[in-house]
Amino acid sequence: MPTATDSLREEVEALVKEGLFQSAWTLASFLTSDKSMKKKPEEEAKDWALFGDAAFGLESFSQAKGFYEKALMVLRNSRCEAKSLFPILLRCADCALRLRDSEGALEFLTNVPFDHRPLRHSLCIARLYERSGKREPAIQAYQEIINRTQGHLMVVEALQALARLGINARVFGSKGRNREGRNPGRDEKERKGGKTYPFVQKLVAVHGFAAKYKLGLALTALRDLRSAFPDNLALMLRQATLLFDLGQTDEALDLFRRCRSLFPRSSLGVDTFALALRTTDRQAELTRLMRQTLRSAPETPEPWIAVALDLSSDQKAAPKKALEVLGRLLQLHPNHPGALLAKGYLHLSHNDGKRASSAYQKVKVYSTGMGGVSDRGGGPGAGANIGIVGKTNCGCGCEPSVGSAYSFLPRFSVFQGLVEAYLQMHENKRALGAAKQAHQLMPHNPKSLTLIGLVLSQSDLKEKACKYFKSALRIDPKCVDAVDALSRFYHSEKDYDSMIDLLKGQMNHFSSRRDLLHVRLGDAYRLKGRIDLALEEYHKALALTPDMREAVRGIEMVENAGKEEDMNPEEIDDEDDM
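Residues numbered from 1 in each chain as written. Predicted model: local features only at pLDDT ≥ 70, side-chain atom pairs only at ≥ 80, totals over all residues. Heavy atoms only, no water.

Caption draft 1: Spotlight on the environment of L85. With respect to the helices and strands, the residue L85 is situated in the loop between α4 (61-77) and α5 (86-98). The buried category is assigned to L85, whose relative accessible area is 13%. It is 8.8 Å that separates the C-alpha atoms of L85 and A71, two residues lying 14 residues apart in sequence. For L85, the residues in contact, after removing those within four places along its chain, are L72, L75, R76 and C80. (Helix = DSSP H or I, 4+ residues; strand = E, 2+ residues; numbered from the N terminus. Buried < 20%, exposed > 50% of the residue type's maximum accessible area, 1.4 Å probe, protein only. Contact = heavy atoms within 4.5 Å.)

Put into structure tokens, the structure is as follows:
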């Protein structure tokens, strides 16, 4: 016959299932402190576990972990079967993950055999190994997931992760593979009615290309995939971020806009979209994006990154407030790549190379997403003080990557930011080291050649720098960075004729960032004294980008120069004599 304690236990269990955690917590406090009758060890352990469930539901993760550990202690003292510990160990791991205790989480998780773990926890183990730089254990963990689930589940995250770690996509599901590289298990799977998905193999190939920094091939593979799935949100976001990284900004912005039109309530990609708008001076569009996403998804980090970038604009001129927003966001999501990239950009724009380099270094170490497809760290309700709620994708708080082609790899913009930051600090040796690392990873990428040229242009090797810029343009005449860097080089050398010839010759190649080329050409004409042509170029830039700061500054410089010429020095002297 059920006792009063049994009835109370059932009541607490029902409240937890209904999500009424405060009521469950209150009753569980009485349940665990009831000394009216002696309980069996498994009953006492269950009571503490229920108390932990209630505390976990209330997001008191440290308290919940303490209650779960009491349940473990009771079971261990009673010398019960090992498998009775497994559910409690997994709950302890969930708490450790919410508390950002990766080592503690790994200890709990690895004490539970694979067959007794949900797949999400097995993925957590693999991610945590990968995050901590333990490549071989990570590969083994991902491979185990694929081998154990082959034939009935397609764990795309594990396939992508192995490609990211440099494992050939053809060895996936290598269980039972023969020497010729064929997989007998695949035929068996098909005979049993299992399905294969060609698009998954292509998606994995994108990750493989990105892992080897073959960004052009990754972009080609993405375009091929999108020809069959044109409105796939994940593919559009990957492609847009990759295009932005490769300097094809206008095409990237068009894709981001399409994502917003098709999925207006999604905040994925908003951080990279906002950064692209900020760096190209599209202030009005950035403000609209910030307001729309803040209304539709205030609980996610990305709209707050847009808020910070919007505040930092020339019109708002609130850099301290912008950095404060990013600082509070990074307290909740310390490794969010979008927030760190925005922070690095803002520090660079205020000539604070030291803080900028620190932000970019963190992205280099912890990069986990391709623009917007990003981390969701922390527990539900975290960050309520600024409206940011961090939810995990897998439910266990391990901050997984969400299928990004750049997961756990530093994006090119990180190397670019580091070089610019070191140059601001006059640490040319470190800048050259970062540029060479980018070139080593991407030897045929014109942007990496341009980075080396930028560093050399700050030294006595200016002619060598010029050769690097020209080499980059031979590889890709449409490389905006190379054209901009070479035009600046001619500017610094006061070779305005070469600057004009370069920009006029390149104008026909460009569909992206023509506004920037018009500004540079306007600068060259202004310095040559051809004011009418300079104004024409500045106005062409403003016609393309109405908020472009450099074009407005160019016009102001022309007007100020005209006012100075109109002044009569003799009249000024007469006024002073008065």
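Caption draft 2: Broad picture of the side chain of T280. By the secondary structure assignment, T280 is in the loop between α15 (270-279) and α16 (283-296). A polar contact of 2.7 Å, which involves the side chain of T280, links it to the backbone oxygen of A276. Setting aside residues no more than four positions away along its own chain, T280 makes contact with T249, L253, R513 and T545. (Polar contact = N/O pair within 3.5 Å; in protein donor to acceptor, adjacent residues only side chain to side chain.)

Caption draft 3: Structural context of the nonpolar core. Among the nonpolar cores identified, the biggest contains 105 residues, and L309, Y360, V419 and L486 are the most heavily contacted of them. Ranked by size, the runner-up nonpolar core spans 57 residues in total, among them L72, V74, I88 and L159. (Core = buried A, V, L, I, M, F, W, Y, C linked by side-chain atoms within 4.5 Å.)

Caption draft 4: Inspection of the packing of aromatic side chains at higher detail. Per the stated rule, a full pass over the model turns up 9 aromatic pairs. With a centroid separation of 5.5 Å and 70° between ring planes, the pair formed by F199 and F229 is classed as edge-to-face. Note that F199 is positioned in helix α11 (residues 198-211) and F229 in the loop between α12 (215-228) and α13 (233-245), a separation of 30 residues in sequence. Ring pairing ties together the aromatic residues W25, W48, F51 and F67, which thus form one cluster. Stacked on the ring of W48, the Lys or Arg K70 has its end atom at 5.2 Å from the ring centre. (Phe/Tyr/Trp six-rings, centres within 6.5 Å; stacked < 30°, edge-to-face > 60°. Lys NZ or Arg CZ within 6 Å of the ring centre and 35° of its normal.)

Caption draft 5: Broad picture of the confidence of the model for the chain. In the predicted model, the chain carries a mean pLDDT of 82, and the fraction of residues at 70 or more is 83%. Across residues 574-578 the pLDDT falls below 50, and counting only partners more than four positions away or on other chains, this stretch makes 0 contacts in the model. (pLDDT = per-residue confidence, 0-100.)

Caption draft 6: Broad picture of the packing of α15 against α16. Between α15 and α16, the least distance of the axes is 9 Å, while the angle of their chain directions is 160°. Relative to α16, the element α15 lies roughly antiparallel. The interaxial crossing formed by α15 with α16 has left-handed handedness. Side by side, α15 and α16 meet where V270, F273, A274, L277 and R278 of the first sit next to E285, L286, L289 and T293 of the second. (Axes fitted to C-alpha atoms, helices over the stretch in contact; angles between N-to-C directions. Parallel < 35°, antiparallel > 145°, perpendicular 65-115°, else oblique. Left-handed = near helix turned anticlockwise from the far one by under 90°.)

Caption draft 7: Structural context of the packing of helix α3 (residues 41-57) against α4. Two elements in contact, α3 and α4, have axes whose closest approach is 8 Å; the angle formed by their N-to-C orientations is 170°. Here α3 lies roughly antiparallel to α4, going by the angle between them. Of α4, the residues touching α3 (which contributes P41, E42, E44, A45, W48, A49, F51, G52, D53, A55 and F56) are F61, Q63, A64, F67, Y68, K70, A71, V74 and L75.

Caption draft 8: Seen up close, unusual backbone geometry. Phi is positive for E59, close to 65°, though the residue is something other than glycine. Position of E59 relative to the elements: it lies in the loop between α3 and α4. Positive phi outside glycine occurs at R79, with the angle close to 55°. Of note, R79 is situated in the loop between α4 and α5. Residue class for R79 comes out exposed when judged on its relative accessible area of 78%.

Caption draft 9: Up close: helix α9 (residues 156-164). For α9, the tally of buried residues reaches 7 of 9 residues, placing the bulk of the element in the interior. Buried positions along α9 lie against α7 (119-131), α8 (135-149), α11 and α13. Two residues or fewer past α9, G166 is found with a positive phi of approximately 90°.

Caption draft 10: A look at the pattern of salt bridges. Tallying each qualifying case throughout the model produces 31 salt bridges. Its salt-bridge partner being K65, residue E69 comes within 3.0 Å of it at the nearest N-O pair. On the criterion of helical spacing, the pair formed by E69 and K65 is a turn pair, its members being 4 residues apart in helix α4. Among the residues examined, K65 registers a relative accessible area of 18% and is labelled buried. (Salt bridge = Lys/Arg side-chain N within 4 Å of Asp/Glu carboxyl O.)

Caption draft 11: Quick look at a nonpolar patch on the surface. The grouping of M154, Y197, F199 and F229 at the surface amounts to a nonpolar patch, some 340 Å² of accessible area in total. In this structure F229 comes out as partly exposed when scored by relative accessible area, which is 36%. (Patch = residues over 30% accessible without salt bridge, like charges linked within 9 Å, V, L, I, M, F, W, Y side chains within 5 Å. Areas by Shrake-Rupley, 256 points an atom, 1.4 Å probe, with all protein chains shown as cover.)

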